[in-house]
Amino acid sequence: MKKLLVSAIGLSLLSGTCLMAQPKKTAAAKSSIDQKVDALIAKMTLEEKVGQMTEVTSDVVSKTNSPSHQIDAEKLKEAIMKYHVGSILNVTGTAYTRQHWFDVITEIQGVAAKDRLKIPVIYGIDAIHGVTYTTGSTLFPHEIALAATFNRSIAHNLGEITAYETRASYIPWNYSPVLDLGKSALWPRIYETMGEDPYLIKTLGAEVIKGYQGNDIGDKYHVAACMKHYLGYGFPMNGKDRTPSWIPDRYMREYFLPPFAEAVKAGARTLMINSGEINGVPIHASKYMLTDVLRGELHFDGIAVTDWRDIQYLNTRHHVAATQKDAVMIAVNAGVDMSMVPYDYTFFTYLVELVKEKKVTMARVNEAVHRILKVKYELGLFERPVGNPDDYPKFGSEEFRMASVQAANEAITLLKNNNNILPLKKGLKVLVTGPTANTMRSLDGGWSYTWQGDQSDKFAADKNTILEAIQQKIGKDNVAYQPGAAFDSLLNVSETVKAAKNSDVIVLCLGELSYTENVGNIDDLNLPIAQIQLATELAKTGKPVILVLAEGRPRIVTDADKLSNATVMAYLPGNEGGDAIASVLFGDVNPSGKLPITYPRYANALVNYNRKNLENGNSDDSHGYNPLYEFGHGLSYTTFAYDNLHISKPTLNANETLTNTVDVKNTGQVEGKESVLLFISQLYASIAPDTKRLRAFDKISLKPGETKTVAFKITAKDLAFVNDVSKTVTEAGEFKIQLGSQTQSFNYVSNLDLPSRTGKL
């Protein structure tokens, strides 16, 4: 690794993350856990070490065709006693009770306790918006909706509650949060991200991690977080899952790396690797990304685990390894610590052979095993491998449910409200229609009870769909329902139009059915034509149309939006989403969400908000930047006025802090919450500057007539960018600050560059 250059400013190449080399611990300075790990490794055979690096799916240790995850005693014994498997993950297509999870984990750890060294298994699961595979758990809005709240405390609370309920399911390892940038609107996993902006992602992502892990991941209420997917997974060229990306090193460091650097600072103990490839190099084979950058620059010392079958795919998909054995050699030497194999023991067999053949060193294996065992010790698994069922009285509690309600309430984003038609009066006759109106699948999305979320209507039957929530809100006698359309075909349009004519207002619920990963790949971002046709027929009635979008990515709804009197973005708001939508529609909740993504107007006009000036279009170009709704857009039932933007001084020097204050007043008639977003623009730079970048935010609540002064502090690191030689610099020049409608300029004066490291992907 090339030496880091440190300037007088003392800032890092990653916009504020300190990456200066840390002194290595001497043997005397090692923690007690490190000493325990070293002592244990000294007792281990090669096979026992490689077993710790092996992760298999629950299917491998379950009875064949067992939908209820019944452990096969002989298979489990083989996995642990013969192959010394260190980790098991996943479920078998359904959700389980806490009691069943207790039985499963108890049986697994019971066998582990009989192995020679009695090393506990670490069980992992994707609890990405609550415990997705345990019945009765608290399901929150997905990350994209969480981002729309712009509320740090909600992100932290989601993490804490999810950790509590994951431990209540006797599972200590959570494959979350997703820190990928949601830059590609077509990508089927965009709803798992916190939007398109790196500052928003790194800020809320760090809060989720702190909530997951608390002050001690070894206590009974917290889990090990897993930041994923390192690195660049969310920007595939064709928008399809697990397909190649082309991302220059400069661009990677500017936008994609900061959320992971912040997650390391927040203490995340594990990391999952990007399944794709960047510039032709699979990340699972990239020593540069997995060792030089991740370990050398970020100083991450936790577990790096593969994603599903991704070492095998180096041979069968990426074709960078001629054999499966070569794939194992390449991945482990690149820096992989644990292989999510997941269906067999080939990784184990090949790695044992490779070490004996000296193609993988014992030092590399010991390094990986040390990281794995250290996390197990930190989690308290050696002392408490299962947990006590009586320790979790709040599981699925009303307290936790209300936290999810708050998150959904603050996520709902009002995009359009012509003539203030919303909120609706509760005495109106309402037609509820559309394919997302009466299914929990469109509220919960994927990773809900099952991988694809296809059983949410079963497991969340006690929760309210949008239709059911509106019926409860204003009474069934005031609500008519007709489906009108399935997701891709018209149904009873004539009956739906007739019902519309007999109603005062139409609540039209469009969007998507649940999906995730490659199952969610699509070829056309446009909403299926049947849904647009339904909107068109309903608009012909002359009755006002309230468009509600329940979807995981910004499907093109321009033609439907033109016909609506109001448009509400619900994202995937979780189990309490139906009630949150109804509360917003009828004024019991004042919406405060803001878009964490740019909502495109056309399927081929996909430009993020922090675009280059060239993407605005030339003076004679009518096809410039023109989204349907911009990042940060979101209306309220009240109005907010920004005034008195003040910058503490006109010139910022190195090592100084610039204080920016602005007065925000509620000029309307109802109490409301406002996300105050601070954008900074650099007018000229050696790299064509972004039009603007989010550099800070805060969320405040204001009563009618109330004014609050919001303050932000800016330093040189907040003005930095990565230049054409992958060096992070803050260049002298003029900058513009924007807070609401207020703008003001200042100058940065310095001949100092930030610390740098050059390198190419």
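Remember, predicted model here, so these are calculated numbers, not experimental data.

*Asks:* Kindly report on the sheet that holds strand 21 (residues 693–702), identifying the contributing residues and their values.
*Replies:* Through backbone hydrogen bonds, the strands of a sheet pair up, either in parallel or in antiparallel fashion. Across the sheet, which stays open at both edges, the 5 strands sit in the order 18-26-25-20-21 with mixed pairing between neighbours. Edge positions in the sheet fall to strand 18 (651–653) and strand 21, since each has one partner strand and no second. Within this sheet the neighbouring strands show an average axis-to-axis angle of 25°, counted without direction. As defined by bridge partners, strand 20 (residues 672–682) adjoins strand 21 across 9 bridges and the pair is classed as antiparallel. The partner of Ser675 across the bridge, within strand 21, is Lys699.

*Asks:* Residue-level account of the nonpolar core, with values.
*Replies:* Core analysis: the largest hydrophobic core is formed by 198 residues, its most contacted members being Trp101, Tyr230 and Leu694. Ranked by the residues each element gives to this core, the list is headed by helix 7 (residues 198–213), at 8 residues. Filtering out sequence-adjacent residues up to four positions away, Trp101 remains in contact with His69, Asn90, Val91, Tyr96, Tyr123, Ile125, Tyr133, Thr134, Ser169, Tyr170 and Ile171. With 37 residues, the next largest nonpolar core counts Leu424, Ala460, Ile546 and Val589 among its residues.

*Asks:* Can you tell me about the pattern of salt bridges, naming the residues and giving the values?
*Replies:* Per the stated rule, a full pass over the model turns up 44 salt bridges. Among the ionic pairs, Glu367 bridges to Arg371, the shortest N-O distance being 3.3 Å. Here the residue Glu367 and the residue Arg371 both occupy positions in helix 14 (residues 362–378), the gap between them amounting to 4 residues, near one helical turn. According to the relative accessible area criterion, Glu367 is partly exposed, its value standing at 37%. When its relative accessible area of 12% is taken as the criterion, Arg371 is described as buried. Residue Glu576 is joined to Arg401 by a salt bridge in which the shortest nitrogen-to-oxygen separation is 3.1 Å. Here Glu576 is found in the loop between strand 16 (566–571) and helix 22 (577–585), whereas its partner Arg401 is found in helix 15 (residues 398–411), with 175 residues between them in sequence. Taking relative accessible area as the criterion, Glu576 reaches 4% and is therefore assigned buried. Residues joined by salt bridges that share partners form a network here, namely Arg189, Glu192, Asp241, Arg242, Asp307 and Glu517.

*Asks:* Please provide a residue-by-residue account of unusual backbone geometry, values included.
*Replies:* Backbone geometry follows two general trends: most residues other than glycine have a negative phi, and most peptide bonds adopt the trans configuration. Cis geometry is adopted by the peptide bond preceding His229, which originates at Lys228 and carries an omega value of 0°. Checked against the element boundaries, His229 lands in strand 5 (residues 224–230). Cis geometry is adopted by the peptide bond preceding Pro342, which originates at Val341 and carries an omega value of -5°. Within the fold, Pro342 resides in the loop between strand 10 (339–340) and helix 13 (346–356). Positive phi values are uncommon outside glycine, yet Lys118 reaches one of about 55°. Relative to the assigned elements, Lys118 resides in the loop between helix 4 (98–112) and strand 3 (122–125).

*Asks:* An account of the confidence of the model for the chain is requested, with residue identities and associated values reported.
*Replies:* Summing up the model confidence of the chain, the mean pLDDT is 93 and the portion of residues at 70 or higher is 94%. Counting contacts from residues 753–761, a segment whose pLDDT is below 50, to residues more than four positions away or on other chains yields 53 contacts.

*Asks:* Tell me about the sheet that holds strand 15 (residues 545–550), and please be specific about residues and values.
*Replies:* Taking strand neighbours across the sheet as the criterion, the 6 strands line up as 11-16-15-14-12-13 in an open arrangement whose pairing is mixed. Each edge of the sheet is formed by a strand with only one pairing partner; in this case those strands are strand 11 (413–417) and strand 13 (479–482). Within this sheet the neighbouring strands show an average axis-to-axis angle of 20°, counted without direction. Two strands pair when backbone bridges link them, and strand 15 and strand 16 are joined in this way by 5 bridges, in the parallel orientation. Opposite Ile546, over in strand 16, you have Ala566 as the bridge partner.

*Asks:* Which residues make up helix 8 (residues 249–256), and what values go with them?
*Replies:* Most of helix 8 is tucked away: 7 of the 8 residues are buried. When helix 8 is considered as a whole, its buried residues turn out to be Asp249, Arg250, Met252, Arg253, Glu254, Tyr255 and Phe256. As for helix 8, its buried residues are in contact with helix 7, helix 9 (258–265), strand 7 (277–278), helix 10 (287–297), strand 21 and strand 23 (721–722).

*Asks:* Can you tell me about the pairing of strand 14 (residues 505–511), naming the residues and giving the values?
*Replies:* Across the 7 residues that make up strand 14, a large majority, 7, are buried. Burial of strand 14 is two-sided: the residues Val505, Val507, Cys509 and Gly511 facing one way and the residues Ile506, Leu508 and Leu510 facing the other way are all buried. With 4 bridges joining them, strand 12 (residues 430–433) and strand 14 adopt parallel strand pairing. Paired with Val430 across the two strands is Val505, which belongs to strand 14. Note that strand 14 and strand 15 share 6 bridges and pair parallel. Bridge pairing in strand 15 links Leu508 to Leu547. With respect to chirality, the unit in which strand 14 leads through helix 20 (residues 529–539) into the neighbouring parallel strand 15 is right-handed.

What counts as what
Residues numbered from 1 in each chain as written. Predicted model: local features only at pLDDT ≥ 70, side-chain atom pairs only at ≥ 80, totals over all residues. Heavy atoms only, no water. Pairing = 2+ DSSP bridges. Helix = DSSP H or I, 4+ residues; strand = E, 2+ residues; numbered from the N terminus. Axes fitted to C-alpha atoms, helices over the stretch in contact; angles between N-to-C directions. Core = buried A, V, L, I, M, F, W, Y, C linked by side-chain atoms within 4.5 Å. Buried < 20%, exposed > 50% of the residue type's maximum accessible area, 1.4 Å probe, protein only. Contact = heavy atoms within 4.5 Å. Salt bridge = Lys/Arg side-chain N within 4 Å of Asp/Glu carboxyl O. pLDDT = per-residue confidence, 0-100. Right-handed = clockwise from strand over helix to strand, strands pointing away.

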